[in-house]
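Structural overview
Chain by chain, the residues run as shown.
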Amino acid sequence: MTNIAKTIRERRSIKAGYIDKEVTQETVLSLLEDAVWAPNHGLREPWRFIFVPADEKEGFVEDLVKTFPPDMRDNRRNYFSQPAAILVVVMTEDPRQKQWDENFGAIGAMIQNFQLLAWEQQLGVVWKTNPHIYDPKVHELLGVEKGEKIAGFLHLGYFDEVPPAKKRTPIEDKFSVYGK
Ligand SMILES: Cc1cc2nc3c(=O)[nH]c(=O)nc-3n(C[C@H](O)[C@H](O)[C@H](O)COP(=O)(O)O)c2cc1C
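The model shown is predicted, which means the values in this text are computed figures rather than measured ones.

A word on the pairing of strand β3 (residues 123-128)
- The buried fraction of β3 is high, at five of six residues.
- Here six bridges tie β3 to strand β4 (residues 148-158), and the two strands are oriented antiparallel to one another. Bridging from a neighbouring strand, G124 pairs with G157 of β4.

Okay, structure coming up:
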């Protein structure tokens with residue numbers, strides 16, 4: 001198996017069990033410098049990033065939980081406090097369907113690059129698309145403008161334990177040959 005195939009197969013989304021080790025801005029910037037070599041049609045580079053480092057996390061989480069109804073705030077405070085850092089990925093929305101789809105495809109390719117590169121450094125990532133990414137209050141908090149969407153929150157943190165792989169369907173079950 002090639003190195004890239006091995007990394008693709010072994011990467012897991014790390015959703016819990018983060019250890020107490022800082023995820024630095026330098027690390028995230030260096031991963032992004034490589035990740036943005038993802039294919040992106042028209043070279044629109046339809047992304048920008050908002051990093052929430054360790055020393056801003058508590059304040060950010062407090063501001064973020066205020067966007068939730070009071071009865072959910074304790075639960076959400078606990079949830080968002082777990083990752084060592086958060087990277088918000090903001091996508092440029094295009095009013096044209098074709099370009100919108102291409103932009104989201106490029107975002108997916110770029111995020112997968114980021115996840116694989118992070119994995120090589122034992123830095124765990126999970127791409128989160130919880131409902132709050134659609135909340136105008138969260139957009140306001142983060143300065144997300146009209147014509148942009150939050151593609152996801154990437155929860156980041158180093159980890160000790162690799163979760164078990166979730167099985168993939170054998171490819172033969174999802175493959176057909178035209179005309180046969
Ligand atoms: C577009 C996208 C959105 C996702 N959103 C969430 C999410 O909101 N919450 C979550 O726990 N995992 C989320 N995930 C991670 C998937 O649950 C995870 O990739 C899947 O369970 C397979 O696990 P693996 O990445 O470890 O192979 C998302 C993944 C993708 C590609």
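A look at the layout of surface pockets
- Size it by volume and the largest pocket reaches roughly 270 Å³.
- Lining the largest pocket we find I8, R9, R11, R12, Q112, A165, K166, K167 and R168.
- Tallied by class, residues from the lining of the largest pocket come to two nonpolar, one polar and six charged.
- Considering the residues around the second largest pocket, the lining is formed by R11, R12, S13, K15, P163, P164, K166 and R168.

A word on the packing of helix α2 (residues 25-35) against helix α5 (residues 97-120)
- Put simply, α2 and α5 touch, their axes get as near as 9 Å, and they point 130 degrees apart. One element, α2, and the other, α5, form an angle in the oblique class. Crossing geometry of α2 relative to α5 is assigned as right-handed. Seen from α2, the contacting residues are V28, L31, L32, D34 and A35; seen from α5, they are M110, N113, F114, L117 and A118.
- Grouping the constituent residues of the contact of α2 with α5 by class yields eight nonpolar, one polar and one charged.

Some points on the sheet that holds strand β2 (residues 85-92)
- Spatial strand order, β1-β2-β4-β3: four strands in an open sheet with antiparallel pairing. The open sheet terminates on both sides in strands that have one partner only, identified here as β1 (47-52) and β3. Within this sheet the neighbouring strands show an average axis-to-axis angle of 25 degrees, counted without direction.
- In the packing of α2 onto the sheet, the strands contacted are β1, β2, β3 and β4, and the crossing angle to β1 comes to about 165 degrees.
- Contacts between α5 and the sheet are confined to β1, β2, β3 and β4, with β3 contributing the most and set at about 155 degrees to the helix.

Regarding a nonpolar patch on the surface
- On the surface, I171, F175 and V177 cluster together to form a nonpolar patch covering roughly 330 Å² of accessible area.
- Following the sequence through the fold, I171 ends up in the segment after β4.
- The exposure class of I171 is exposed, given its relative accessible area of 56%.

Focus: the UniProt feature "domain: Nitroreductase" (unreviewed entry) in the protein chain
- The UniProt record annotates "domain: Nitroreductase" (unreviewed entry) at residues 8-158.
- For residues 8-158, helix accounts for 44% and strand for 21%, while the C-alpha atoms at its two ends are 18 Å apart.

Some details on the UniProt feature "binding site: FMN" (unreviewed entry) in the protein chain
- Mapped onto this structure's residue numbering, the UniProt feature "binding site: FMN" (unreviewed entry) falls at R11, R12, S13, H41, W127, K128 and T129. Across 119 residues of sequence, these annotated residues are also dispersed in space, with a maximum C-alpha separation of 27.5 Å. Of the annotated set named above, R11 and R12 line the largest pocket.
- A residue is classified by how much of its surface remains accessible, and R11, at 9% relative accessible area, is buried.
- Tracing the chain through its elements places T129 in the loop between β3 and α6 (136-142).

Conventions and cut-offs
- Residues numbered from 1 in each chain as written.
- Predicted model: local features only at pLDDT ≥ 70, side-chain atom pairs only at ≥ 80, totals over all residues.
- Heavy atoms only, no water.
- Buried < 20%, exposed > 50% of the residue type's maximum accessible area, 1.4 Å probe, protein only.
- Helix = DSSP H or I, 4+ residues; strand = E, 2+ residues; numbered from the N terminus.
- Pairing = 2+ DSSP bridges.
- 1 Å grid on protein atoms, 1.4 Å probe; cavity = no way out; pocket = protein on both sides within 12 Å on 5 of 7 lines; lining within 4 Å.
- Points joined across faces, edges and corners; volume = space filled by probe spheres on them.
- Nonpolar A, V, L, I, M, F, W, Y, C, P; charged D, E, K, R; others polar.
- Axes fitted to C-alpha atoms, helices over the stretch in contact; angles between N-to-C directions.
- Parallel < 35°, antiparallel > 145°, perpendicular 65-115°, else oblique.
- Left-handed = near helix turned anticlockwise from the far one by under 90°.
- Contact = heavy atoms within 4.5 Å.
- Patch = residues over 30% accessible without salt bridge, like charges linked within 9 Å, V, L, I, M, F, W, Y side chains within 5 Å.
- Areas by Shrake-Rupley, 256 points an atom, 1.4 Å probe, with all protein chains shown as cover.
- Salt bridge = Lys/Arg side-chain N within 4 Å of Asp/Glu carboxyl O.
- UniProt positions renumbered as here; feature names shortened; annotations may be inferred.

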